[in-house]
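# Coordinate analysis (summary)
Here are the chains, one letter per residue:
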Amino acid sequence: MCGIVGYIGKKSVVPVILDSLQTLEYRGYDSAGLAFVDNDLLTVYKASGKLMNLRNQLPEKLFEKNGKSRYIGMGHTRWATHGAPTDQNAHPHVSCDGNIALIHNGIVENYGELREGLTQKGHQFHSKTDTECVVHLIEELSKSEPDMMKVLQQVSQRLVGAYALVILDKRHPDKLYGVRNHAPLVVGIGEDELLLGSDVVAVVEHTNKVAYLKDGEIVELSPQGFKVINFYGEPIDAKVETIASGQLIADKKGFKHFMLKEIHEQPDVIRSSLSGRLITPEEPIALFQSDAAQRLEQINRIFIVACGTSYHAGLVGKYFIEDLVRIPVEVEAAGEFRYRNPVIDDKTLVIAISQSGETADTLTAIRQSHDKGSPVIAITNREDSTIARESDWVLPVRAGLEVSVCATKSFTAQVIVLYLLGLYLAETRKALAAENLQEIKSELQRLPALVEHILHTPEPIQALAKKYGNSRDMIFIARGINFPAALEGALKLKEISYIHAEGYSASELKHGPIAMLDRSIPVVAVLTEGIVYDKMISNCQEAKARDAYVIAINSGPMPEDVKDTFEDVLMIPKTHELLSPILTSVPMQLLAYYIAEFLGKDVDQPRNLAKSVTVE
Ligand code: AGP
């Protein structure tokens, strides 16, 4: 969602802010702005659209080295929640007296009531955002309280919702303030400089020393250092951590888009996810370094919560874990979980899956699970995230920085970690014979080479992209453990090509969706050798009988007499049926990629989407 950057130091502030905002670009945004103090003047620039539009507004003198007194400032990329993505609605927002500028990530839920009260007191609003009321509230409270840290404590008592705020007040021209409540904010501690960021990615160019603020904390940065207090004014000793910054630097490595690079990284991602955890098929899975074993023994049910692609990974996990461990597994979209009263207790293991580790709905689901006594495992790509820090155990997926908004390698890595967890539980509970476990483990170790095999021959997929790229709709069908892969294939296509796509269990076709079928709607069918192979062929024949073009992603021994059911067949290597979603997903990722590229879409930053969804 919104990207936040703050800087105080000896470098010329505008280039620093623009560079940092660029590192956050991948998260998705629709307008940008910045503010800095120069010779006691608060200056603000804002522009809708890409960062380049903001850059084009800025006078060249702001890029001169040794930019005089311009050493303090902040920048923002906005993902619109309230009010269209216009120049006026872009952040920073400024107080009526022109002294205070503010940027915000999150949602102020009681903005209507605050706005009304402040309007009655004479404040004039210039935007349609929820954010603007906060800067006016600060201005109002500052009239009777000169100490900004105290004002911000009062502000925190008045705001309802999620917010990370950064505030610049020209009456305190050597200070920058930050507030965190249910939206991430991190302090970067460099040599003679301090930064604020909504993600460490924004600060790693400058420093690998960071302090993660916690919910309910306020920070003041000044040339003397930084100090943190909580919303009650009590001083907090913020822990400074050293991060492996190299892993957080985005680089396309010669690929045209991050998405294509990330698809191609999958063999290595699988190796890395397995490394040290699955050593040989004969050895037990090594997954936890802590007290988990004893606690997990008492579990009689699993509940997986996640959103989007991570939710689809969770569905694959359900098929796998139930099959191996014979323990009931439920999977629910975190946004649904949080607004009902799920039946979970201290014997329910909650698994929260999140690439970013900051997804607001998933985070809330974790907190609610803890309230009901359930232990939580986080499966995440960001060990430094809030979700990781709030869970009882963390299983890092080790996919490396994923820049493309469209998740690919993180899905694969999440599924691999769920496989490892299923194997671990099956072993520790003696739920499956050793030889069956060893068979699955051996196949897991073969997966990187099998994915490489698929990646080596993209030409047939590129040809399909040209053939079907102008379709208005597309349907993805599968059965069994590949049903979630079909859902994921459809999600990939719609989010980057904007083609309407749906995933269905093939068995559900004749309960409604088949009514839509004709020559204009291609059907992508996933067929892997196993118990549903023949059933899938029958379902494909039903689609073909309605004149639909059926495209098979096939690893099975297709009988001669059914071959004419399929307009196109993409062959993929064979593996254990339970592991096949890893292989069937790759051609669907590539199909979505090449169609979006063929249509000239913004592959890595699709419209309306954000990489990290920090508001509900
Ligand atoms: C996937 O391509 C999406 N961009 C999206 O569905 C994503 O998976 C979802 O927002 C969840 O994000 P998380 O894994 O970071 O929690």
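Here, residues in each chain are numbered from 1, in the same order as that chain's written sequence. Totals for whole chains, interfaces and linings use every residue, but because this is a predicted model, local features are given only for residues with pLDDT of at least 70 and side-chain atom pairs only at 80 or more, for both listing and counting. To obtain the side-chain values, all non-hydrogen atoms of the structure were used and water was disregarded.

## Here's the deal with the site of the ligand
A single heavy atom is enough: if one lies within 4 Å of a molecule or strand, its residue is considered near that molecule or strand. Taken together, 14 residues lie around the ligand, and S310, S354, S356, T359 and E495 are the ones closest in. Taking S354, its side chain carries an N or O atom lying 2.7 Å from an oxygen atom of the ligand. Here a polar contact means two N or O atoms within 3.5 Å. Within protein one must be a hydrogen donor candidate and the other an acceptor candidate, and residues neighboring in sequence count only if both atoms are side-chain atoms. A distance of 2.7 Å separates an oxygen atom of the ligand from a polar backbone atom of Q355. Accessibility throughout is a Shrake-Rupley quantity obtained with a 1.4 Å probe, and a residue counts as covered only by protein chains that appear here. Considering the ligand on its own, with 410 Å² of exposed area, one finds that the protein chains cover 90% of that surface. The set of elements that each furnish at least two residues to the shell around the ligand consists of α9 (308-325) and α16 (483-497). Note on conventions: DSSP H or I runs of at least 4 residues are helices, E runs of at least 2 residues are strands, and numbering of each starts at the N terminus. When residues of the shell around the ligand are assigned to their parent elements, the largest contribution, three residues, is made by α9. In this classification, Asp, Glu, Lys and Arg are treated as charged, Ala, Val, Leu, Ile, Met, Phe, Trp, Tyr, Cys and Pro as nonpolar, and every other residue, Gly included, as polar. For the shell around the ligand, the class distribution of residues is five nonpolar, seven polar and two charged.

## A short note on the pattern of salt bridges
The term salt bridge refers to a pairing of a side-chain nitrogen on Lys or Arg with a carboxyl oxygen on Asp or Glu at a separation within 4 Å. Tallied over the entire structure, the rule returns 36 salt bridges. For K50, the salt bridge goes to D602, with nearest N and O atoms at 3.4 Å. Of this pair, K50 sits in the loop between β3 (41-48) and α2 (51-57) while D602 is found in the segment after α18 (580-598), placing the two residues 552 residues apart along the sequence. The salt bridge involving K441 is made with E427; its shortest N-O contact spans 2.4 Å. Here the residue K441 occupies a position in helix α14 (residues 434-455), and E427 occupies one in helix α13 (residues 409-428), the gap between them amounting to 14 residues. The burial state of K441 is the same as that of E427; both residues are buried. Using a 1.4 Å probe on the protein chains alone, a residue whose accessible area is under 20% of its type maximum counts as buried, one over 50% counts as exposed, and one in between counts as partly exposed.

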